[in-house]
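Structure assessment
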Amino acid sequence: MHIQALFALKEANPTFILFFVQDISLQEKREQALKEKEEICHSFLNNMQGIAFKGTLNWEPIFFLGEVEEITGYKEKELIAGKPAWADLIHEEDKQLVYETGGIVMQTPRARIDRNYRIKRKNGGIRWIHEKVQNVCDATGKPVAIQTTIY
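Throughout what follows, the structure given in this document is the object of discussion. Computed from a prediction, not measured in an experiment: that's the story for all the values here.

**Considering the sheet that holds strand S7 (residues 143–150)**
The antiparallel open sheet is built from five strands, whose spatial order is S4-S3-S7-S6-S5. If you trace the sheet from one side to the other, it starts and ends with strand S4 (61–66) and strand S5 (112–120), each paired once. On average, each strand axis in the sheet is inclined to that of its neighbour by 20 degrees, with strand direction left out of account. Pairing between strand S3 (residues 51–56) and S7: six bridges, direction antiparallel. Note that in S7 the partner of Lys 54 across the bridge is Gln 147. Strands in contact with helix H5 (residues 95–107) are S5, strand S6 (126–137) and S7; relative to S5, the strand with the most contacts, it is inclined by about 145 degrees.

**Some points on the pairing of S7**
Here seven bridges tie S6 to S7, and the two strands are oriented antiparallel to one another. The residue of S7 that forms the bridge with Val 133 is Thr 148. Remark: five residues form the turn of the hairpin made by S6 and S7, two consecutive strands paired antiparallel; Gly 141 in that turn has positive phi of roughly 95 degrees.

**What about the pattern of salt bridges?**
Scanning the entire structure with this criterion turns up seven salt bridges. The salt bridge partner of Glu 92 is Lys 95, with a shortest N-O separation of 3.4 Å. In this structure Lys 95 comes out as buried when scored by relative accessible area, which is 16%. The structure contains a network of salt bridges with shared partners spanning Glu 93, Asp 94 and Arg 118.

**Details of H5**
Given 3.6 residues per turn, any residue in an α-helix points the same way as the ones three and four places further on. In a regular helix each residue adds 1.5 Å, so 13 residues correspond to 18 Å; H5 covers 18 Å between its end C-alpha atoms and thus fits that length. Taken together, the buried positions of H5 are occupied by Lys 95, Val 98, Thr 101, Gly 102, Gly 103 and Val 105. Those residues of H5 hidden inside the fold are in contact with helix H4 (86–89), S5, S6 and S7.

**A look at the nonpolar core**
Of all hydrophobic cores here, the largest spans 20 residues; its most connected members are Ile 51, Phe 64, Leu 79, Trp 86, Tyr 117, Ile 119 and Ile 129. Elements supplying a minimum of two residues to this core: S3, helix H2 (68–72), H4, H5, S5, S6 and S7. The residues touching Ile 129, leaving out its near neighbours within four places in the chain, are Ile 71, Trp 86, Arg 115, Asn 116, Tyr 117, Ile 119, Ile 150 and Tyr 151.

Cut-off values and rules
- Residues numbered from 1 in each chain as written.
- Predicted model: local features only at pLDDT ≥ 70, side-chain atom pairs only at ≥ 80, totals over all residues.
- Heavy atoms only, no water.
- Pairing = 2+ DSSP bridges.
- Helix = DSSP H or I, 4+ residues; strand = E, 2+ residues; numbered from the N terminus.
- Axes fitted to C-alpha atoms, helices over the stretch in contact; angles between N-to-C directions.
- Contact = heavy atoms within 4.5 Å.
- Salt bridge = Lys/Arg side-chain N within 4 Å of Asp/Glu carboxyl O.
- Buried < 20%, exposed > 50% of the residue type's maximum accessible area, 1.4 Å probe, protein only.
- Expected span 1.5 Å × (residues − 1).
- Core = buried A, V, L, I, M, F, W, Y, C linked by side-chain atoms within 4.5 Å.

Below you can see the structure in the form of structure tokens.
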């Protein structure tokens with residue numbers, strides 16, 4: 001058990017000492033459990049056989065995790081910085097499909113779509129991907145973010 005104590009002295013030569021004791025064991029257990037959950041989630045996302053993406057409602061990246069370089073040829077930090085932007089990777093013949101379905105996810109509460117399209121890898125190669133896209137909504141049901149898994 002961990003105890004926090006606060007001592008208060010009223011005078012230079014006190015006739016009493018007042019202190020408060022608070023058991024913070026439960027708080028520390030909750031913080032440790034939260035830290036363990038965060039480590040599990042981070043490990044899962046970094047080691048998944050695909051890419052986990054989260055972005056703003058306008059598709060600006062918040063994170064790319066997983067096999068980013070293996071699938072695209074680019075490092076996570078390059079895509080986060082928008083150099084290149086994900087839209088630049090999409091094969092020209094597939095852009096219309098991606099933009100149309102992306103618009104649905106941006107506007108329709110709790111929208112979920114699956115789509116297949118091609119991307120251009122850093123080395124110039126083409127790779128087909130399968131993407132599961134959904135939006136994240138606030139308490140009122142309004143879409144506020146996008147998250148995807150890419151295989």
